[in-house]
Amino acid sequence: MPFAFTDYDPYDFANRRHIGPSPAEMEEMLATIGVESLDALIDATVPQGIRQDAPLVFGAPLSEREVLWKLRRTAEKNKVLVSMIGLGHYGTVTPPCIQRNILENPAWYTAYTPYQPEISQGRLEALLNFQTMVSDLTGMDIANASLLDEPTAAAEAMALARRQSKSKAPAFFVDADCFPQTINVVKTRAEPLGIEIVVGDPFSDLDPSAVFGALFQYPGANGDVKDFTPLVEKLHEAKALAVVAADILALTLLKSPGEMGADVAVGSTQRFGVPMGGGGPHAAYMACSDAHKRAMPGRLVGVSVDARGNRAYRLALQTREQHIRREKATSNVCTAQALLAVMASMYAVFHGPMGLKAIAQRVHEKAVRMAQGLESLGFKVGPAAFFDTLCVETGPFQGVIMRAALAEGVNLRAVGSDRIAIALDEMVRPAEIEAVWRAFGGAMALEGPSPEPRLPAELLRETEYLTHPVFHMNRAEAEMTRYMRRLADRDLALDRAMIPLGSCTMKLNATAEMMPVTWPEFGGIHPFAPADQRLGYAEMVADLSEKLCAITGYDAVSMQPNSGAQGEFAGLMTIRRYHIARGEGHRDVCLIPTSAHGTNPATAQMVGYKVVPVKARANGDIDVDDFRAQAEKYEGRVAACMITYPSTHGVFEETVREVCAITHEAGGQVYLDGANLNAMVGIARPGDVGSDVSHMNLHKTFCIPHGGGGPGMGPIGVKAHLAEHLPGDPISGEGAVAGAEWGSASILPISWAYILMMGGEGLTQATKVAILNANYIAARLQSDYKILYAGKGGHVAHELILDTRPLADSAGVTVDDVAKRLIDCGFHAPTMSFPVAGCLMVEPTESEPKAELDRFCDAMLAIRAEAQAIEDGDLDREDNPLKGAPHTVEDLVGDWNRPYSREQACYPPGAFRVDKYWAPVNRVDNVFGDRNLVCTCPPMESYAEAAE
Ligand SMILES: *Cc1c(COP(=O)(O)O)cnc(C)c1O
């Protein structure tokens, strides 16, 4: 052939990156489904009545190179100054080996929440290290595996205190020295529950008999370090609970909350190696005394054993959680901050107790030097005892000094009109301390021997921490790197196999999208830095918000919520404020279909709403008659409904407009759970079908990785009439739901880059292919499994429910057995028992190529054949590959007395021969773990014991 220019575009979205099947594969798949074209499939699947009229138009899609160029230009508009602002966000040095091997490593960041323990042992161990670190440093009995941020952790602690306190008093006391964003978020949570918040000086204003609990900040926002022991005692006498929000680094030097008698400790682990990121993400912690462990919100990693009696980790006490207990759950927490908790735990593993203590001492030394310098200039510096934060009296010179510091490249914090707070951290250099002195008018050099410490003598820490061997490894980077690699290798993440979890949208997290996350222009920004230093962020947030509005049909967006569940809370609170503003604050009923995600009822309960369940019809759709009947029954009380679209049954219901109309007629507002937006983008818009509010899970539809259980972002979109009721600014406004204006700002570039690289057409194509992939799986599996629900045209939306219940009767095979057998085949199981008990919900997403879909289908068909062999008597009913799954390398050696072969056990269809994924443990015993609850690293000798 003579030379000719090709029209193949190597940078085109359709050929590269986000769309799994090639055009040729799509043709084959369409033929298998039995439809003519992709558009014909969409027409037959998505009801005409809900289709959007105009295509999404975002201009030409950008190539990776162009998008990174644009992001660079945007990032440069952020100005990274030295931050001495404090208030819960500090400069910290991320050890490069942790940055590269954890934060930038898809083996860690593309993993899912560790619900399937056998394929999650690596991150479960890292999270157990996190819990051990937190409970050691706080001196508390038990810690959870992270919460979203310090302010929401404090709000959760208030809710815990309310549940657990024997005091009937109606109020909760909050130390005026708490961070302002914490006070704001606690107030937001308290209001719908009728909890009165009393803010004051705990040493003069706290009346223990008038409160069911109190929150203290340690050290306080302006540096005070106080012993709360006597206050805790008084609270306990009044049967009230004490919560201490403590700085994790300070605790290496100071008496712990546990030693003060506190019931709950909360805080942030950001300064353990996690960049500030303009507000996040970072992992908050919560720890409590043993008495309250069953009331704890969020995830808890525990130790159990596997089928061989070997030690194995798993999530413990899940019966507290929203996915099981719904409106009676201890919280609505689903996505938390697993990846950042892993980073913080590795920081502690990396530095060990000696290193952490040395870092804390250096920070303190810098603070003392700073104070001495300012005192030598004649300034009055408080408090007398402090850890890292000072408060300087400036009189009328506050503004002048603040400006001079800015000119020196340092952000300080104005307090009132005549003081300045200065917080020191791991990053601050000597020259930067000198720069601050210059701003105060002094030209001194930092020199001389270490000064006398100014920590409070009576609060010096005397107890040990981080004594477990994991925190005492050889400090060579070789060992550290191998430890992180070893843990990563135990887990199955998206970098190895498709994770077909229905409702979770485990799609590709493209590398180009991830790169900006670790750029210092995004990472090094304090959330309360002056607005003119955050212009890059502001520009990105504005454009991303605008695009999300165009995608969803809403008019305004709040970027605060750090997860979908937080978005639900923010959304229902917005609805609540709207009703109150119209004099209809008495509305208190929330209609929720029985098929709803557990976060929906759990959230409704948090805003004080009564959850009224609505039935489903036999075909899975909302029973509109029942919906109407409930709306009539609660006439005048309906505040909202919470529906999911397409439904959690994986169907585009024809009746969605009707359900919205009934809600509006009843005076309620529609909350449309946007978790399934991946089936809608470019095709239909929630705002057009009658919804008033939705959250958009950026960690599902918009490519933020799941991180093994967080981070996430759940911004909400609202119609214009609700815009004025959105959450206010965490510092200056009211009704904040998170500690930072833009939530976890530093991961927003991921979603923005995704949208820019796809363009409107690419996003729409992704939606169509997501629907294609799901229908292809349905077509391939329908001969062997019943597909529970389908829409009018016989098609599913972007996910499908496989009915595995008949296998229980015919072969004694449970949904658990199928899930564990899939591990042998090299897959993460689909979503189990949601929304239908005993079934599997499969969501392939558009990212998966045909070969991977086929591998999954082959595995599912082989599993059905194994069940058939049991039915036919060719395999034993009790002792078969399904019951024995997952199999490990241990099963390849030693005695083998099972009635099936090792070959059959370990290499079922779908499993790779060379690249086989080996689960590190056999099936984990859930019940044992809950009966013998251990949530910190077990002592080293018990490892040897367990292995016997
Ligand atoms: C994932 C999901 C949520 C909760 O989102 P998180 O970010 O995990 O809090 C809510 N509803 C549905 C249907 C979901 O799939």
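Thresholds, definitions, all that
Each chain has its residues counted from 1, running along the sequence as written. Per-residue local features are limited, in this predicted model, to residues with pLDDT of at least 70; the limit for side-chain atom pairs, both in listing and counting, is 80 or more; totals at the level of whole chains, interfaces and linings are taken over all residues. By convention in this description, side-chain values take in all heavy atoms of the structure and omit both hydrogens and water. One bridge is not enough; two strands pair if DSSP finds at least two bridges between them. Helix numbers and strand numbers start at the N terminus; a helix is a DSSP run of H or I with at least 4 residues, a strand a run of E with at least 2. Here, axes are lines fitted to C-alpha atoms. For helices the fit covers the stretch in contact, and angles between N-to-C directions go from 0 to 180 degrees. Each residue's exposure class comes from its accessible area (1.4 Å probe, protein chains only) as a fraction of the maximum for that residue type: buried when under 20%, exposed when over 50%, partly exposed otherwise. Contacts are residue-level and defined by heavy atoms, with any inter-residue pair within 4.5 Å sufficient. UniProt positions are given in the numbering used here, feature names are shortened, and annotations may be inferred rather than shown by experiment. Any N or O atom pair separated by 3.5 Å or less is treated as a polar contact, with the protein-specific requirement of one donor-capable and one acceptor-capable atom, and with residues adjacent in sequence counted only for side-chain atom pairs. Consider the strands pointing away from the viewer: the crossover is right-handed when the path from the first strand over the helix to the second runs clockwise. Within this scheme, the nonpolar core is defined by two criteria: the residues are buried Ala, Val, Leu, Ile, Met, Phe, Trp, Tyr or Cys, and they are joined through side-chain atoms within 4.5 Å. By definition, the arc is the one covered by directions from the helix axis to the C-beta atoms. Here the aromatic set is Phe, Tyr and Trp, taking the six-membered ring for Trp, and pairing holds for ring centres within 6.5 Å; pairs whose planes are under 30 degrees apart are stacked, those over 60 apart are edge-to-face, and all others are tilted. Counted as over-ring charges are cases with an Arg CZ or a Lys NZ within 6 Å of the ring centre that also lie within 35 degrees of the ring normal.

1. Describing the sheet that holds strand β15 (residues 419-423)
Part 1 of the reasoning: If you trace the four strands from one edge of the open sheet to the other, you get β11-β12-β15-β14, paired in antiparallel fashion. With partners counted over all chains shown, the strands left at the sheet margins are β11 (380-382) and β14 (413-415), one partner each. Put simply, the sheet's adjacent strands are angled 30° from each other on average, direction ignored.
Part 2 of the reasoning: As paired elements, β14 and β15 share three bridges and run antiparallel to each other. Considered in β15, the bridge of Arg413 is made with Ala421.

2. Considerations on the environment of Val274
Part 1 of the reasoning: Along the chain, the position of Val274 falls in the loop between β7 (264-268) and β8 (284-288).
Part 2 of the reasoning: Judged by relative accessible area, Val274 falls into the buried class, the value being 1%.
Part 3 of the reasoning: Taking the C-alpha atoms as reference, Val274 lies 47 Å from Asn619; in sequence the two are 345 residues apart.
Part 4 of the reasoning: Excluding anything up to four places from it in sequence, Val274 contacts Thr92, Thr94, Thr269, Pro281, His282, Leu340 and Met343.

3. Overview of the UniProt feature "modified residue: N6-(pyridoxal phosphate)lysine" (unreviewed entry) in the protein
Part 1 of the reasoning: If you check UniProt for "modified residue: N6-(pyridoxal phosphate)lysine" (unreviewed entry), the listed places come out as Lys700 in our numbering.
Part 2 of the reasoning: With respect to the element layout, Lys700 can be found in the loop between β21 (693-695) and β22 (716-718).
Part 3 of the reasoning: Apart from residues no more than four positions distant in its own chain, Lys700 is found in contact with Ser503, Cys504, Thr505, Lys507, Ala675 and His706.
Part 4 of the reasoning: Among the polar contacts listed, one links the side chain of Lys700 to the backbone oxygen of Ser503, at a separation of 3.2 Å.

4. What to know about the pairing of strand β17 (residues 589-593)
Part 1 of the reasoning: Most of β17 is tucked away: five of the five residues are buried.
Part 2 of the reasoning: Neither face of β17 is exposed, since Val589, Leu591 and Pro593 on one face and Cys590 and Ile592 on the opposite face are all buried.
Part 3 of the reasoning: As defined by bridge partners, β17 adjoins strand β18 (residues 610-614) across five bridges and the pair is classed as parallel. The partner of Ile592 across the bridge, within β18, is Pro613.
Part 4 of the reasoning: Crossover β17 to β18 through helix α20 (residues 599-606) is right-handed.
Part 5 of the reasoning: For β17 and strand β19 (residues 638-644), the ladder comprises three bridges, and the chain directions are parallel.

5. Thoughts on the nonpolar core
What tends to happen in soluble globular proteins is that the nonpolar side chains get buried as a cluster.
Part 1 of the reasoning: Counting 229 residues, the largest nonpolar core has Met346 and Ile422 as its most contacted members.
Part 2 of the reasoning: Setting aside residues no more than four positions away along its own chain, Met346 makes contact with Ile98, Ile102, Trp108, Ala126, Met480, Tyr483, Met484 and Leu487.
Part 3 of the reasoning: Ala155, Ile183, Ala295 and Cys935 belong to the second-largest nonpolar core, a separate cluster that totals 37 residues.

6. Here we look at the pairing of strand β5 (residues 211-218)
Part 1 of the reasoning: Among the eight residues in β5, eight count as buried, and that is most of the element.
Part 2 of the reasoning: Note that strand β3 (residues 171-175) and β5 share four bridges and pair parallel. Residue Phe172 lies in a different strand from β5, and its bridge partner there is Gly213.
Part 3 of the reasoning: Both β5 and strand β6 (residues 241-246) contribute to a ladder of six bridges, which runs parallel. Looking across to β6, one finds that Phe216 is bridged to Val244.
Part 4 of the reasoning: As for the winding sense of the linkage, the β-α-β connection from β5 through helix α10 (residues 229-237) to β6 is right-handed.

7. Overview of the sheet that holds strand β25 (residues 831-832)
Part 1 of the reasoning: Spatially, four strands are ordered β23-β24-β26-β25 in an open sheet, and the strand pairing comes out antiparallel. At either end of the open sheet lies a strand with only one pairing partner, and these are β23 (786-787) and β25.
Part 2 of the reasoning: Across the sheet, helix α25 (residues 748-781) lies against β23, β24 (800-803) and β26 (840-842), angled at about 20° from β24, the strand it touches most.

8. Topic: helix α2 (residues 38-45)
Part 1 of the reasoning: Buried within α2 we find Leu38, Leu41, Ile42 and Thr45. Buried positions in α2, seen along its axis, are confined to an arc of 95° and lie on one side of it.
Part 2 of the reasoning: Elements in contact with the buried residues of α2: α1 (23-33) and α25.

9. Some words on the packing of aromatic side chains
Part 1 of the reasoning: Counting across every chain of the model gives 16 aromatic pairs.
Part 2 of the reasoning: Ring centres 5.2 Å apart and planes at 55° place the aromatic pair Phe522 and Tyr537 in the tilted group. Here Phe522 is found in helix α17 (residues 520-523), whereas its partner Tyr537 is found in helix α18 (residues 535-552), with 15 residues between them in sequence.
Part 3 of the reasoning: Classification of Phe522 by relative accessible area gives buried; the value is 0%.
Part 4 of the reasoning: Considering the side-chain rings of Trp896 and Tyr900, the 5.6 Å spacing of their centres and the 90° angle between planes classify their relative orientation as edge-to-face.
Part 5 of the reasoning: In this structure Tyr900 comes out as buried when scored by relative accessible area, which is 3%.
Part 6 of the reasoning: Three or more aromatic residues link up through ring pairs in this structure, and these residues are Phe203, Phe216, Tyr218 and Phe228.
Part 7 of the reasoning: In this arrangement the basic side chain of Arg189 is found over the ring face of Phe569, its NZ or CZ atom lying 5.7 Å from the centre.
Part 8 of the reasoning: A cation sits over an aromatic face here: Arg271 above Tyr90, 3.8 Å from the ring centre.

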